[in-house]
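Working through the structure, step by step
Residue-level listing of the chains:
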Amino acid sequence: MKIGMQKVNDNEWLIQMGNAIVRLDRFTTHLLRISLKHSLRSAGAGQDQDAVIKSYLKMALKLKFISSIDWPQFMQRVDKSDLRVWLTLLQDPDLKRNVLRNMGQALEKQMLEDIQTLPLPDKLGQKEALVRMIRLIYELEDQGVIEFHYDSSAYL
């Protein structure tokens, strides 16, 4: 059986499994990778319900590399309840501090209070909130509204 991936353009991949060929955007490709990784873990070591949430949290670490001038664009568009779920689950204190700093003082104070007092939704609600936020990140990047600067980025 032939299995492979081919990049068509910046936001499009061809996935081939046997005779089937599917065109996917980058976000869906990342979700496919997470699903496959999760299914392999589940088959080998019982059901780990948190594995998918951890994978989504790992995908959202992309925000470490957002351009400093693009934070306001992201903050205007992200749903604050989705952001609260993500910040509550986030284990990276530097990134959390950076996100809160870019909210503005009043909103930062309110978000810190919400993180401490409001309960998290159930696992399904957490997954849905993270997926909405990550989908927004990819959409904004694809539209050119926000930009990420990685160590390996090079500009001509």
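Whatever comes next refers back to the structure up there.
This is a predicted model, so every value here is computed, not measured.

The rules we used
- Residues numbered from 1 in each chain as written.
- Predicted model: local features only at pLDDT ≥ 70, side-chain atom pairs only at ≥ 80, totals over all residues.
- Heavy atoms only, no water.
- Helix = DSSP H or I, 4+ residues; strand = E, 2+ residues; numbered from the N terminus.
- Buried < 20%, exposed > 50% of the residue type's maximum accessible area, 1.4 Å probe, protein only.
- Contact = heavy atoms within 4.5 Å.
- Areas by Shrake-Rupley, 256 points an atom, 1.4 Å probe, with all protein chains shown as cover.
- Pairing = 2+ DSSP bridges.
- Expected span 1.5 Å × (residues − 1).
- Axes fitted to C-alpha atoms, helices over the stretch in contact; angles between N-to-C directions.
- Parallel < 35°, antiparallel > 145°, perpendicular 65-115°, else oblique.
- Left-handed = near helix turned anticlockwise from the far one by under 90°.
- Nonpolar A, V, L, I, M, F, W, Y, C, P; charged D, E, K, R; others polar.

1. A closer look at the overall build of the protein
The secondary structure content of the protein amounts to 7 helices and 3 strands. Secondary structure elements of the protein, listed N to C terminal, follow the sequence β-β-β-α-α-α-α-α-α-α. Relative to its full complement of 156 residues, the protein shows a buried share of 37%. Counted over contacts in the protein with a minimum sequence separation of 6, partners at least 24 positions apart contribute 59%. Summed over all atoms, the accessible surface of the protein reaches about 9,900 Å², with 53% contributed by carbon and sulfur.

2. Here's the deal with the environment of Q6
Mapped onto the elements, Q6 comes out in strand β1 (residues 3-9). The sequence separation of Q6 and R23 amounts to 17 residues, and the corresponding C-alpha distance is 9.6 Å. Non-local contacts of Q6, meaning those with residues more than four positions away in its chain, are made with E12, W13 and L14.

3. Some remarks on the pairing of β1
Looking at chain direction, β1 and strand β2 (residues 12-17) are connected through 6 bridges and run antiparallel. Paired with I3 across the bridge in β2 is M17.

4. Points about helix α7 (residues 123-143)
A rise of 1.5 Å per residue sets the reference length of α7, with its 21 residues, at 30 Å; its end C-alpha atoms lie 30 Å apart and thus fit the reference within 8%. Looking at the residues trailing α7, positive phi occurs at G144, about 80 degrees.

5. What about the side chain of Q126?
Looking at where Q126 falls in the secondary structure, it is placed in helix α7. Since its relative accessible area comes to 6%, Q126 is described here as buried. Excluding residues within four positions of it along the chain, Q126 makes contact with I53, V85, L89, L120 and P121.

6. Points about the packing of helix α2 (residues 50-60) against α7
Following both chains from N to C, one finds α2 and α7 inclined at 25 degrees, their axes separated by 10 Å at the closest point. Between α2 and α7, the interaxial angle falls into the category roughly parallel. As α2 runs across α7, the sense of the crossing is left-handed. Along its contact with α2, which presents D50, V52, I53, Y56, L57, M59 and A60, the element α7 presents K123, Q126, K127, L130, V131, M133, I134 and Y138.

7. Some thoughts on the packing of helix α4 (residues 80-89) against helix α6 (residues 105-117)
Put simply, α4 and α6 touch, their axes get as near as 10 Å, and they point 60 degrees apart. Relative to α6, the element α4 is oriented oblique. Pair α4 / α6 crosses with right-handed handedness. Across the interface between the two elements, K80, L83, R84, L87 and T88 from α4 touch L107, M111, D114 and I115 from α6. Of the residues assigned to the contact of α4 with α6, the class counts are 5 nonpolar, 1 polar and 3 charged.

8. Some thoughts on α4
Counting buried positions over the 10 residues of α4 gives 7, a clear majority of the element. Lining the buried residues of α4 we find α2, α3 (71-77), α5 (93-101), α6 and α7.

9. Notes on the sheet that holds strand β3 (residues 20-24)
Here we have 3 strands laid out as an open sheet, ordered β1-β2-β3, and antiparallel in their pairing. In this open sheet, the two strands that pair with only one neighbour each are β1 and β3. The sheet shows a mean angle of 20 degrees between the axes of neighbouring strands, taken without regard to direction.

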